[in-house]
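# Understanding the architecture of this molecule
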Amino acid sequence: MQNGPFIYETSNNRLQRYIAVSILAFVIIAGIIIAVFNIRLAQEYPLATPWYSRYVPDLVHNITPLKLFILCMLSTMIFFQIPAELAFYFGVNEGNSMVFFIFVAVAGSMAGHAISYLVGLKLSNQIRYLLSAKTFFSVRRKVNRWGGYAVLLLNVLPATPSDVLTVGLGTVRYDKKRLFSLIVIGNIIKFTVIAFSVYALKGLF
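First, a word on scope: everything that follows refers to the structure included in this document. (Residues numbered from 1 in each chain as written. Predicted model: local features only at pLDDT ≥ 70, side-chain atom pairs only at ≥ 80, totals over all residues. Heavy atoms only, no water.)

Taken together, the side chains of L152, I185, I189 and V193 make up a nonpolar region of the molecular surface, amounting to roughly 320 Å² of accessible area. Per-element accounting of the nonpolar patch gives the leading share, 3 residues, to helix α8 (residues 176–204). (Patch = residues over 30% accessible without salt bridge, like charges linked within 9 Å, V, L, I, M, F, W, Y side chains within 5 Å. Areas by Shrake-Rupley, 256 points an atom, 1.4 Å probe, with all protein chains shown as cover. Salt bridge = Lys/Arg side-chain N within 4 Å of Asp/Glu carboxyl O. Helix = DSSP H or I, 4+ residues; strand = E, 2+ residues; numbered from the N terminus.)

Shown next as structure tokens:
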């Protein structure tokens, strides 16, 4: 019986895993803070200007197509967790074209996911060593089987870590055509539903 290559889980791997989880947790918390801050701005609560307000993007006022594109791109990059759905909602609520804003939002999201996928490709070897061999190959089998459903679901639902999934799919070199086709379909569904909800809520209030 020949000896094959193995991926050993060392204390260094555990440290790298802890750092990666900590960074992810920090990014998610930052996204929650941004969302809460902007919802309070939209509801016009009396706010004492917090120290971090200068660093928090305004997602509820003066949403232009360029601003929406940038926010959607950043929100689907692994480095940021910006709830761009808020910007889209308030942008349509300001009277901007629903169809055009859907196109802009989907285009921005595609650009961000492309960057996240490239990050996954570049970190493929490093990510592999964060996991034990058994876990890595188990994850890859599950991705190949269920990845398409996960991509569609996370892109249809708002405020999900779809960018994290895209990075993961990049590490296993998931089929790009299938991935981005599902991303487009999911985002069209999501932003269309949000756009129609704007008009539905206007009719109620």
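Now, onward.
Core analysis: the largest hydrophobic core is formed by 23 residues, its most contacted members being L68, F88, I102 and F191. Taken together, the elements giving at least two residues each to this core come down to α2 (65–75), α3 (84–93), α4 (98–122) and α8. Sequence-distant contacts of L68, that is, excluding residues within four places in its chain, are made with I63, A84, A87, F88, F101, V104 and A105. Counting residues in each nonpolar core, the second largest holds 10 residues, with V143, V151, L179 and I183 among its members. (Core = buried A, V, L, I, M, F, W, Y, C linked by side-chain atoms within 4.5 Å. Buried < 20%, exposed > 50% of the residue type's maximum accessible area, 1.4 Å probe, protein only. Contact = heavy atoms within 4.5 Å.)

Evaluated as defined, the whole model comprises 1 salt bridge. Ionic pairing is found between E85 and K190, a salt bridge with its closest N-O pair at 3.0 Å. With E85 in helix α3 and K190 in helix α8, this residue pair connects regions lying 105 residues apart in the sequence. Of the two residues, E85 and K190, both sit in the buried class.

For the pair α3 and α4, interaxial distance at closest approach is 10 Å and the crossing angle is 160 degrees. It follows from the interaxial angle that α3 and α4 lie roughly antiparallel. For α3 against α4, the interelement crossing comes out right-handed. In contact with F88, G91 and V92 of α3, α4 contributes F101, I102 and A105. (Axes fitted to C-alpha atoms, helices over the stretch in contact; angles between N-to-C directions. Parallel < 35°, antiparallel > 145°, perpendicular 65-115°, else oblique. Left-handed = near helix turned anticlockwise from the far one by under 90°.)

Time to look at unusual backbone geometry. Non-glycine residue N62 carries a positive phi angle of around 50 degrees. With respect to the secondary-structure elements, N62 resides in the loop between α1 (11–42) and α2. In this structure N62 comes out as exposed when scored by relative accessible area, which is 63%. For A159, which is not a glycine, the phi torsion comes out positive at approximately 55 degrees. One can find A159 in the loop between α6 (133–156) and α7 (162–171). With a relative accessible area of 64%, A159 lands in the exposed category.

Of all 10 residues in α7, 7 are buried; the element is thus mostly enclosed. Every buried residue belonging to α7 is among S162, D163, T166, V167, L169, G170 and T171, and all of these are buried. A positive phi of about 55 degrees marks R173, the residue just after α7.

The geometry of an aromatic ring pair comes down to the distance between the two centres and the angle between the two planes. Tallied over the entire structure, the rule returns 3 aromatic pairs. With a centroid separation of 4.8 Å and 55 degrees between ring planes, the pair formed by F88 and F191 is classed as tilted. Here F88 is found in helix α3, whereas its partner F191 is found in helix α8, with 103 residues between them in sequence. On the basis of relative accessible area, F88 is assigned to the buried category, the value being 0%. Between the aromatic rings of Y89 and F90, the centroid separation amounts to 5.2 Å while the plane-to-plane angle is 80 degrees, which identifies the pairing as edge-to-face. (Phe/Tyr/Trp six-rings, centres within 6.5 Å; stacked < 30°, edge-to-face > 60°.)

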